[in-house]
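Observations on the model geometry
Below, each chain spelled out in residue letters.
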Amino acid sequence: MMRKNGLGYWLCLTSAVITLCLCLGIIAFLFAKGAPAINWQFLTESPELTLDQGLIGGILSPLVGTLLLTTMGILLALPWAAAMAIYLSEYGSDKWWTNLLRMGNDVLAGVPTIVIALFGLILFSYPELSFLSMMVEGVEGGRAFGRSFFVAAITMAVMVLPYVCRVIEEAIRAVPFAYREASYALGVSKWRTIRKVVLPAAGTGIMTGTILGIGRIAADVAIVWFCLGATLNFSGPDNWWEPGNWLETLRSAGGTLTSYIYNASPAGAGNAPAKAYGAALVLVVMILLFNGAVHYINRLARMRS
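Given the structure is predicted, the values throughout are model-derived calculations rather than measurements. (Residues numbered from 1 in each chain as written. Predicted model: local features only at pLDDT ≥ 70, side-chain atom pairs only at ≥ 80, totals over all residues. Heavy atoms only, no water.)

**A short note on the confidence of the model for the protein chain**
Of all residues in the protein chain, 94% attain a pLDDT of 70 or more, and the chain-wide mean is 87. Of all the helices and strands in the protein chain, strand β1 (residues 48-49) carries the lowest mean pLDDT, 75, while helix α6 (residues 149-173) carries the highest, 93. (pLDDT = per-residue confidence, 0-100. Helix = DSSP H or I, 4+ residues; strand = E, 2+ residues; numbered from the N terminus.)

**A few points about the nonpolar core**
Soluble globular proteins: nonpolar side chains tend toward being buried together. Formed by 47 residues in total, the largest nonpolar core has its most connected members in Leu69, Phe149, Met156, Ile172 and Ile223. Going through the elements one at a time, α3 (60-91), α5 (113-123), α6, α8 (190-201), α9 (203-219) and α10 (222-228) are the ones with two or more residues in this core. In terms of residue count, α6 provides more of this core than any other element does, 14 residues in total. Here Leu69 is in contact with Phe149, Ala152, Ala153, Met156, Ile217, Val224, Leu228 and Thr256, once residues within four sequence places are set aside. (Core = buried A, V, L, I, M, F, W, Y, C linked by side-chain atoms within 4.5 Å. Buried < 20%, exposed > 50% of the residue type's maximum accessible area, 1.4 Å probe, protein only. Contact = heavy atoms within 4.5 Å.)

**A word on the packing of aromatic side chains**
Evaluation of the coordinates by the stated rule reveals 6 aromatic pairs. On the numbers, 5.8 Å between centres and 80° between planes, the contact of Phe29 with Tyr277 is edge-to-face. On the criterion of sequence distance, the pair formed by Phe29 in helix α1 (residues 2-34) and Tyr277 in helix α13 (residues 273-304) is long-range, its members being 248 residues apart. You can call Tyr277 partly exposed: its relative accessible area is 29%. Centroid distance Trp240 to Trp241: 5.7 Å. Interplanar angle 80°. Geometry classified as edge-to-face. For Trp240, a relative accessible area of 18% corresponds to the buried category. Relative accessible area serves as the criterion here: at 48%, Trp241 is assigned to the partly exposed category. Over the ring of Phe145 we find Arg147, and its NZ or CZ is 5.2 Å from the ring centre. (Phe/Tyr/Trp six-rings, centres within 6.5 Å; stacked < 30°, edge-to-face > 60°. Lys NZ or Arg CZ within 6 Å of the ring centre and 35° of its normal.)

**Remarks on the environment of Arg102**
Here Arg102 is to be found in helix α4 (residues 96-110). Given a relative accessible area of 13%, Arg102 falls into the buried group. With 63 residues separating them along the chain, Arg102 and Cys165 place their C-alpha atoms 9.8 Å apart. Excluding its chain neighbours within four sequence positions, the residues that come into contact with Arg102 are Leu88, Arg166, Glu169 and Arg173.

**Re α6**
The end-to-end C-alpha distance of α6, which contains 25 residues, comes to 35 Å, matching closely the 36 Å that a straight helix rising 1.5 Å per residue would cover. The largest bend in α6 comes to about 45°, at Val160, with the proline Pro162 one to four residues further on. For α6, the side-chain oxygen to backbone nitrogen distance between the N-cap and Phe150 is 3.4 Å, and the N-cap itself is Ser148. (Expected span 1.5 Å × (residues − 1). Bend = angle between axes of the 7 residues up to and from the residue. Polar contact = N/O pair within 3.5 Å; in protein donor to acceptor, adjacent residues only side chain to side chain.)

The structure is reproduced here in structure tokens:
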């Protein structure tokens, strides 16, 4: 028995070390290839295509697009996923419709991203939903453009919903039932117990689900291509940073670092591999910073509670 325990321990440790080495290896490769391309100009200028199909400029607009889309997508998905997780874990028990909801959630998690992207493009092309993008002129019967930050953010929220919901549900279920019993013994209602006792105790799991959603949104390509337009720059007003232009910018097409990486790679039209590696390094650093920020916020919340 001792030998089996020791073998299991070393297999688990070896798997963890291999995973860590793979992660560090990818980061080191991107740093070696992409760091020379990163400078102040690269971070503060928007990209442009030249006549010889080369890519000049920097990654400012794709960088801002990534921040916008990630923030909007996770803000839409997190409350939705948390509400569904609370119902499944605290109210649904093992009723047949609860199992049906859970099965539907699992099926949605298995749907390919490109299918969700295509569904979003078709749905938001209906003229009734043109307030989320733009109307296409000259089309009989009317048709919405179906590509904007609003459209892409909603579609991204649908994509990450099952993953975030599942993580939050498991985190809530992991909270000891004694916490709930102690709260009920004091005469606290069930909803207040969930808000004041269960959710704070499940804070780490909720943050893990948030990180998972952020990473998937920031790294997605299919939805950016279909539902955002995957342009190098914002297709809305030129001065997109002015508050009066924010709404029109969010209703217009744009791009993210993932679409920029494709355009800058040899497979795209930019033909600038060094810039593609630089953008990939910036994207990885962004995801790491997101993770660090979420962990820091979670730590502060736990210290104050």
